[in-house]
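Observations on the model geometry
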Amino acid sequence: MEKVKIEEIQSTAKKQRIATHTHIKGLGLERGSWSCSRHDQAEENGWQSSLLAGPPGTGKTALALGISQELGSKVYSSEVKKTEVLMENFRRAIGLRIKETKDVYEGEVSVPEETESLTGGYGKSISHVIIGLKTVKGTKQLKLDPTISISSYIYCFDSQVAVGDVIYIEANSGAVKRVGRSDAFATEFDLEAEEYVPLPKGEVHKRKRLCRFTFSTTFDVTLQDLDAANAQPQGGQDILSLMGQMMKPRKTEITDKLRQEINKVVNRYIDEGVAELVHMLDMECFSYLNRALESSLSPIVIFATNRGVCNVRGTDMPSPHGVPIDLLDRLVIIRTQIYNPSEMIQIIAIRAQVEELTVDEECLVLLGDIGQRTSLRHAVQLLSPASIVAKMNGRDNICKMDDIDDVFSYLLAKEINEENEDPNQSQI
Ligand SMILES: Nc1ncnc2c1ncn2[C@@H]1O[C@H](COP(=O)(O)OP(=O)(O)OP(=O)(O)O)[C@@H](O)[C@H]1O
């Protein structure tokens, strides 16, 4: 018999983590240098939008971030009120896909049963609840922990979980979610009123990709929804609180400060792999952008994509980068290319400095070489584990032979292809 342990939900956020782009502090260019003067010129000429196109890891996001940091005040400043409608619509076009891998018990309820405690004092006291969960692979009996069985019990009966229902129990929090009624019971009830689901496959106890809040495998929400729902935040700054606010929408002004706060939380979750950005740019959005980008109030918009020719979202119309031709016409397309070894070495050195790591010259050369063979991202990611190996070897500096070689041999990396553009990546 397995025991479900319930603990208070802890935010999984690692406060001290150095984010992927923490080291990006701007464009790193002097005023008057080629890029800056070109950019000023572009602004004067009404260049409002551009598309960065290139293989993964070629610095599109880093460049967009650098530009926005350089322009920061200009982007959001003078006409905030007037640009509000535009801003709302832009944020409506950016989706956040929330996903978490959770330890869950999943199955069709077979035997809910409660055991009363004899030492309960006044009234009835439940010492635990036993529940049987069945999947295609078999059945497992779960004894819900006494301290949480009450809440689970209430949960169960509040949401009217009965024999024949398919449920999830999240192992860590004990939260129970009724998925629907098992197919096997389909004839017993009104088919219209019920959602019938198949008997779950696999083991009862499994790791499943679940959105903590909705229990669905993934959950898409737009940044605008999060802004609107959090206009008067009541809870904390974790994704659960952010999402929780969505249940109580209210009409309050969305300030720039709020958007920045939402961005911070969203960025943290992207960095931790709990969520990823997805674009919601369908035909309707693209048509809106066509008009919006021509408005004098439009903010500067930078699109980035690693997709080649693919269908425009929601249609079977192929177009370069999945962007309709009439919008492409309005964009300045900048191609990004894979960094050469010395550029990679430079970036890795900046990254090491931000992570406060001392890396030998020889080691940087090796990392540059690894970056060429695999990817810049992989080479950057080796820094942290290598520093741990160095510490284990009693050193503060990362050495080629002992640390990087060691870590590289343990960690798997995809060797780079000739043509690196990945048509399956859904990023823009
Ligand atoms: N010029 C640069 N200076 C400093 N760091 C950089 C630079 N270019 C890229 N990086 C870093 O390399 C990593 C990968 O870059 P980035 O995320 O910008 O790639 P991308 O082109 O947006 O890739 P994808 O198409 O996969 O999203 C990031 O950690 C980024 O901060």
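Bear in mind the structure is a predicted one, so any value in this text is a computation, not a measurement. (Residues numbered from 1 in each chain as written. Predicted model: local features only at pLDDT ≥ 70, side-chain atom pairs only at ≥ 80, totals over all residues.)

What follows is about the overall build of the chain. Along the backbone of the chain there are 14 helices and 19 strands. Across the chain, contacts joining residues at least 24 apart in sequence account for 68% of those joining residues at least 6 apart. (Helix = DSSP H or I, 4+ residues; strand = E, 2+ residues; numbered from the N terminus. Contact = placed C-beta atoms within 7 Å.)

For the rest of this paragraph, the subject is the site of the ligand. Close contacts around the ligand come from 20 residues, with P56, G59, K60, T61 and A62 the closest. Elements supplying a minimum of two residues to the shell around the ligand: α2 (60–76), α10 (341–354) and α12 (376–381). Residue classes in the shell around the ligand are distributed as eight nonpolar, ten polar and two charged. (Near = placed C-beta within 6 Å. Nonpolar A, V, L, I, M, F, W, Y, C, P; charged D, E, K, R; others polar.)

Moving on: the nonpolar core. Counting residues in hydrophobic clusters, the biggest one holds 24 residues, and the most contacted among them are I348, C363, L367, A379, L382 and I404. Within the residue set of this core, elements represented by two or more residues are α10, α11 (361–373), α12, α13 (383–392) and α14 (400–410). Here A379 is in contact with M344, I348, L367, I370, G371 and T374, once residues within four sequence places are set aside. Within the second largest apolar cluster, 16 residues are counted, among which are L51, A62, F303 and L331. (Core = buried A, V, L, I, M, F, W, Y, C linked by C-beta atoms within 7 Å. Buried ≥ 20, exposed ≤ 12 C-beta atoms within 10 Å, placed from the backbone.)

This next bit is on the confidence of the model for the chain. The predicted model of the chain has a mean per-residue pLDDT of 73, with 66% of residues at 70 or higher. Here helix α1 (residues 34–44) stands out as the least confident element of the chain, with mean pLDDT 43; strand β16 (residues 318–320) is the most confident, with 93. Here residues 148–158 is modelled with pLDDT under 50, and outside its nearest four sequence neighbours on either side it reaches 19 contacts, counting other chains as well. Prediction confidence for the complex, expressed as pTM and ipTM, is 0.59 and 0.92 respectively. (pLDDT = per-residue confidence, 0-100.)

For H321, which is not a glycine, the phi torsion comes out positive at approximately 60°. Structurally, the position occupied by H321 is in the loop between β16 and α9 (325–328). According to the C-beta neighbour criterion, H321 is buried, with 22 such atoms within 10 Å. The backbone of E356 shows a phi angle near 55°, a positive value even though the residue is not glycine. Among the secondary structure elements, E356 is positioned in the loop between α10 and β18 (358–359).

Turning next to the environment of L65. Within the element layout of this structure, L65 appears in helix α2. Spatially, the C-alpha atoms of L65 and K25 are 8.4 Å apart, while their sequence positions differ by 40 residues. The contacts of L65, once residues within four sequence positions are left out, are H21 and I24.

At a closest axis distance of 8 Å, the pairing of α10 and α11 adopts a crossing angle of 120°. Seen along the crossing, α10 lies across α11 with a hand that is right-handed. Note on element contacts: α11 touches α10 through L364, V365, L367, G368, D369, G371 and Q372, opposite P341, M344, I345, I348 and A349. Taken together, the residues that form the contact of α10 with α11 break down as eight nonpolar, three polar and one charged. (Axes fitted to C-alpha atoms, helices over the stretch in contact; angles between N-to-C directions. Left-handed = near helix turned anticlockwise from the far one by under 90°.)

Ordered in space as β12-β3-β13, the three strands form an open sheet in which the pairing is antiparallel. With partners counted over all chains shown, the strands left at the sheet margins are β12 (219–222) and β13 (275–279), one partner each. Between one strand axis and the next, the sheet turns through 30° on average, direction left out of account. Of the pairings in the sheet, the one linking strand β3 (residues 94–98) to β13 comprises five bridges and is antiparallel in character. Across the sheet, L96 pairs through a bridge with L277, a residue of β13. In the packing of helix α7 (residues 256–271) onto the sheet, the strands contacted are β3 and β13, and the crossing angle to β13 comes to about 110°. (Pairing = 2+ DSSP bridges.)

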